[in-house]
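Coordinate analysis (summary)
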Amino acid sequence: MTTRTLISPAALARPRGKAVYWTVLTSVVVLFALAFLFPVYWMVTGAMKSPDEVARTPPTLVPERWHLGGYQDAWQLMQLPQHLWNTVVQAAGAWAFQLVLCTAAAYALSRLNPAFGKVILGGILATLMVPAQALVVPKYLTVADLGLLNDPLAIWLPAVANAFNLYLLKRFFDQLPRDVLEAAEIDGAGKLRVLWSIVLPLSRPVLGVVSIFALVAVWQDFLWPLMVFSDTDKQPIGVALVQLSQNIQLTVLIAAMVIASIPMVALFLVFQRHIVAGISAGGTKG
Amino acid sequence: MTKTAERLHEVAVPPIQAPTPAGDRRRRRLADQARAHGFLLGGLLCFALFSWYPAIRAVVIAFQKYTPGSDPEWVGTANFTRVWHDPEFAAAWRNTFTFTLLALLIGFAIPFVMALVLNELRHAKAFFRVVVYLPVMIPPVVSALLWKWFYDPGAGLANEALRLLHLPTSNWSNGTDTALVSLVIVATWATMGGTVLIYLAALQSIPGELYEAAELDGANLLQRIRHVTIPQTRFAILMLMLLQIIATMQVFTEPFVITGGGPENATVTVLYLIYKYAFLYNDFGGACALSVMLLLLLGAFSAGYLRLTRSAEGDLG
């Protein structure tokens, strides 16, 4: 039995309460299906309609004939394999850089007492007050000065400057039992060895959360890749979709939208329990 | 001599060639420091290049005439006055504030009520949580393109739904009055999953006895919401509100993809204007002047948010 909520179990057990409960439950299921699942259904089936059928009013609920041509055309005409690959490279690199550099920095700040550690941490936390989007223009100029435009490094390196993830790691490292780490050092393990063999295996949950945040952030970002990738062949799928959306047949565009959504939705469905739990837990604790 | 005396002697007169304990400690401390800063180096370099330096640079360029490739020129507050007198400036701020306000009314009230209802339901819990979060995982560009298609005045689903209900059709994102609301609907649809999940978690932490006590005192449903639910989750409500304000003040993807800022500047936002100054007008000074204004405003909200989470946690660094 779960804990008591707004409505008492006694009220729910009464015949009237039961009737109200089942009515509400059914309407919420229908509402959710209409609001969240139906648009997705409309997109997936819209891509399989003929160009003629998709423009028809009133629209057909189920395609008259199922065309897979839209998906094939999107895959070839819009060079989706290239753009998907670009996105994968950008996301994977950002994830790897963030995991290595943020973990190392968080470990140093948490366990190695660097000189000026407090000042450095303060400087990192201060960036939380500066929303990333408000700084895109000077950041763009810096990336341009470094000659990193149209280079995946333009995604990878700025991704490391993520104060939220770094602080998440640091706070987790702070809570690790001191005696375990000290015991390892007495046994002669160096700092790197302690990090690799003791700290990281103990930190699997937080590393999972940071990994998901890192991947989703790159996959969902739009303004930054729009700025730094002017070269069409280097663009991730989101930017390419918008650039190509003007001069492409509607069914092909919709098919490309479906394909662009598949990786993250699949990731979510596989890890949904962890992701939902992570958001619920992370949210209330800040 | 006894052994103790020997040892005493050794301590009193240390051999000259051996390092002093103090020097030894200092050298070890230096090595430790070098190692600690070695671990920090990569991360700090990224923060310096892509966070700290751009923040300073935004302020500097805001007072310069800046074109990539040529030497910057100090122009005082000319950028600010030029941007200020741009007719789009007022429109962009008005739209951004309206968008934020509407997002609070629609995009905050709906997930709030939804979480309240979901918390009472004892069936299909996993289904609700997955389905409500599904749109969050769809790339924002795809959500925007999808709703652009729904809002299509011809074969769009939105007008089709209105016709089905025998309601008058709307111009949606193509009408000057309705464009902004249409974008708020898209943003709400795409992001409310996160708000619902976080608020649900807050609701679950309310002790059941409080509701029982309230009920014994004769409080009805609405009174229980007002006197138990809201006060008990006040921290989560305030935090989610601030996060939402910060996020919606930076809205860009929806207006860029769906309306292109139109019709008649009805959906130009501040961030969109910053983008236009930099990449359409090639006026980086103006773009940075605008960025600084946005930065100051958002910084105030973020400071409020940080202070809130900090006081809740009771520790920092």
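Residues numbered from 1 in each chain as written. Chains lettered and ligands numbered in written order. Predicted model: local features only at pLDDT ≥ 70, side-chain atom pairs only at ≥ 80, totals over all residues.

Comments concerning the overall build of chain B
Let me state the cut-off plainly: The helix and strand labels rest on DSSP assignments: H or I over at least four residues marks a helix, E over at least two residues marks a strand, and numbering proceeds from the N terminus. Using C-alpha atoms as the atom set, the radius of gyration is obtained and then compared with a globule rule of 2.2 Å times the number of residues to the power 0.38. Counting other C-beta atoms within 10 Å of a residue's C-beta gives its exposure: the residue is buried at 20 or more, exposed at 12 or fewer, and partly exposed in between, where C-beta atoms are placed from the backbone. Any two residues are considered in contact once their C-beta atoms, placed from the backbone, lie within 7 Å.
Looking only at helices and strands, one finds 14 helices and 2 strands in chain B. Here chain B has a C-alpha radius of gyration of 29 Å; the compact-globule value for 317 residues is 20 Å, and the former is much larger. Oriented by its inertia axes, the alpha-carbon framework of chain B measures out at about 110 × 70 × 30 Å. A total of 317 residues make up chain B; the buried ones form 41% of that total. Partitioning the contacts of chain B with sequence separation of at least 6, the portion at a separation of at least 24 is 68%.

So, the overall build of chain A
A tally of regular secondary structure across chain A gives 15 helices and 0 strands. Radius of gyration (C-alpha) of chain A: 25 Å, far over the 19 Å computed for a compact globule of 286 residues. The dimensions of chain A, computed from C-alpha atoms along their principal axes, are 75 × 65 × 35 Å. Going through the 286 residues of chain A one by one, you find that 40% of them count as buried. Pairs at least 24 residues apart make up 72% of the contacts formed inside chain A by residues separated by at least 6 positions.

Examining helix α10 (residues 178–186) of chain A
Sparse coverage of α10 of chain A is indicated by the burial of 0 of its 9 residues. Gly188 of chain A sits one or two positions beyond α10 of chain A and adopts a positive phi of about 100°.

Some remarks on the UniProt feature "transmembrane region" (unreviewed entry) in chain B
All names here are of chain B. Under the convention used in this document: UniProt positions are given in the numbering used here, feature names are shortened, and annotations may be inferred rather than shown by experiment.
The residues that UniProt annotates with the feature "transmembrane region" (unreviewed entry) are residues 36–56, 97–118, 130–150, 179–202, 235–253 and 284–306. With 100% helix and 0% strand, residues 97–118 has its two end C-alpha atoms placed 30 Å apart. Segment residues 235–253 splits into 79% helix and 0% strand. End C-alpha atoms: 29 Å apart.

Overview of the domain arrangement of chain B
Operational definition: As annotated, the domain borders come from an automatic or database domain assignment.
Once the domains are mapped, chain B shows domain 1 (22–53) and domain 2 (78–313). Placing a centre on the C-alpha atoms of domain 1 of chain B and another on those of domain 2 of chain B gives a separation of 41 Å.

Looking at helix α6 (residues 117–126) of chain A
All names here are of chain A. This is how the line gets drawn: An arc is given here, and it is the one of the directions from the helix axis to the C-beta atoms.
Among all positions of α6, only Ile120, Leu121 and Ile124 are buried. Within α6, the buried residues cover an arc of 95° as seen down the axis, which keeps them to one side. Opposite the buried face of α6, by more than 90 degrees, sit the exposed residues Lys118, Val119 and Gly122.

Quick notes on the UniProt feature "transmembrane region" (unreviewed entry) in chain A
Mapped onto this numbering, the UniProt entry gives "transmembrane region" (unreviewed entry) at residues 20–44, 88–107, 119–141, 153–173, 194–219 and 248–271 of chain A. Structurally, residues 20–44 of chain A is divided into 100% helix and 0% strand, and its ends, taken at the C-alpha atoms, are 35 Å apart.

Overview of the environment of Ala236 of chain B
Residue and element names in this part refer to chain B. Considering the arrangement of structural elements, one finds Ala236 in helix α11 (residues 234–248). Its 21 C-beta neighbours within 10 Å are what place Ala236 among the buried residues. A sequence separation of 33 residues divides Ala236 from Leu203, and the C-alpha atoms of the two residues are 9.2 Å apart.

Describing the domain arrangement of chain A
When the domains of chain A are assigned, the result is domain 1 (9–68) and domain 2 (79–247). For domain 1 of chain A and domain 2 of chain A, the distance between their C-alpha centroids amounts to 38 Å.

Points about the nonpolar core
The criterion, for reference: Each nonpolar core comprises buried Ala, Val, Leu, Ile, Met, Phe, Trp, Tyr and Cys residues, the members being joined through C-beta atoms within 7 Å.
Membership of the largest hydrophobic core comes to 160 residues, with the highest contact counts inside it found for Ala105, Ala256 and Met257 of chain A together with Ile274 of chain B. In this structure, Ala256 of chain A is in contact with Ala74, Met78, Leu80 and Leu241 of chain A, ignoring residues within four places of it in sequence.

A word on the interface of chain A and chain B
Each partner contributes to the interface: chain A provides 80 residues, whereas chain B provides 87 residues. Elements supplying a minimum of two residues to the side of chain A that touches chain B: α2 (15–46), α5 (80–111), α6, α7 (136–145), α8 (153–160), α12 (204–220), α14 (237–244) and α15 (250–285) of chain A. By residue number, the principal contributor to the side of chain A that touches chain B is α15 of chain A, which donates 12 residues.

Some words on the confidence of the model for chain B
Residue and element names in this part refer to chain B. Rules: Summary of the metric used: pLDDT quantifies the predictor's per-residue confidence within the range 0 to 100.
Summarising the model, chain B shows a mean pLDDT of 87, and 91% of its residues fall at 70 or more. Within chain B, helix α6 (residues 140–150) carries the highest mean pLDDT (95), whereas helix α1 (residues 3–12) carries the lowest (47). For the stretch residues 1–15, pLDDT sits under 50, and the model shows 1 contact to residues farther than four places along the chain or on other chains. The ipTM assigned to the predicted complex is 0.90, against a pTM of 0.88.

Some thoughts on unusual backbone geometry
Backbone torsion omega between Gly262 of chain B and Pro263 of chain B reads -10°, so that peptide bond is classified as cis. Along the chain, Pro263 of chain B falls in the loop between α12 (253–259) and α13 (270–279). Here the phi dihedral of Gln79 of chain A falls at roughly 50°; this positive angle occurs in a residue that is not glycine. If you trace the backbone, Gln79 of chain A turns up in the loop between α4 (69–77) and α5. Classification of Gln79 of chain A as partly exposed rests on a count of 18 C-beta atoms within 10 Å. Of note in this structure, Trp172 of chain B is not a glycine but carries a positive phi near 50°. Summarising the element assignment, Trp172 of chain B is placed in the loop between α7 (157–164) and α8 (179–204). Residue Trp172 of chain B is classed as buried on the basis of its 24 C-beta neighbours within 10 Å.

Looking at the environment of Pro72 of chain B
In this fold, Pro72 of chain B is placed in the loop between β1 (64–65) and β2 (73–74). Separated by 213 residues in sequence, Pro72 of chain B and Gly285 of chain B have C-alpha atoms that sit 9.4 Å apart.

Side note on the packing of α2 of chain A against helix α5 (residues 125–137) of chain B
So the rule is basically this: Note on method: axes are straight lines fitted to C-alpha atoms, helices fitted across the in-contact stretch only, with angles between N-to-C directions ranging 0 to 180 degrees. The labels follow the angle: roughly parallel below 35 degrees, roughly antiparallel above 145, roughly perpendicular from 65 to 115, and oblique for the rest. Left-handed describes a crossing in which the near helix is turned anticlockwise from the far one by less than a right angle; the clockwise case is right-handed. In this classification, Asp, Glu, Lys and Arg are treated as charged, Ala, Val, Leu, Ile, Met, Phe, Trp, Tyr, Cys and Pro as nonpolar, and every other residue, Gly included, as polar.
Running from amino to carboxyl end, α2 of chain A crosses α5 of chain B at an angle of 50°, the nearest separation of the two axes being 9 Å. Between α2 of chain A and α5 of chain B, the angle falls in the class oblique. By crossing handedness, the relation of α2 of chain A to α5 of chain B is classed as left-handed. Facing Phe32, Phe36, Leu37 and Val40 of chain A of α2 of chain A, the residues of α5 of chain B in contact are Phe128, Val131, Val132, Leu134 and Pro135 of chain B. Class assignment of the residues belonging to the contact of α2 of chain A with α5 of chain B gives a composition of 9 nonpolar, no polar and no charged.

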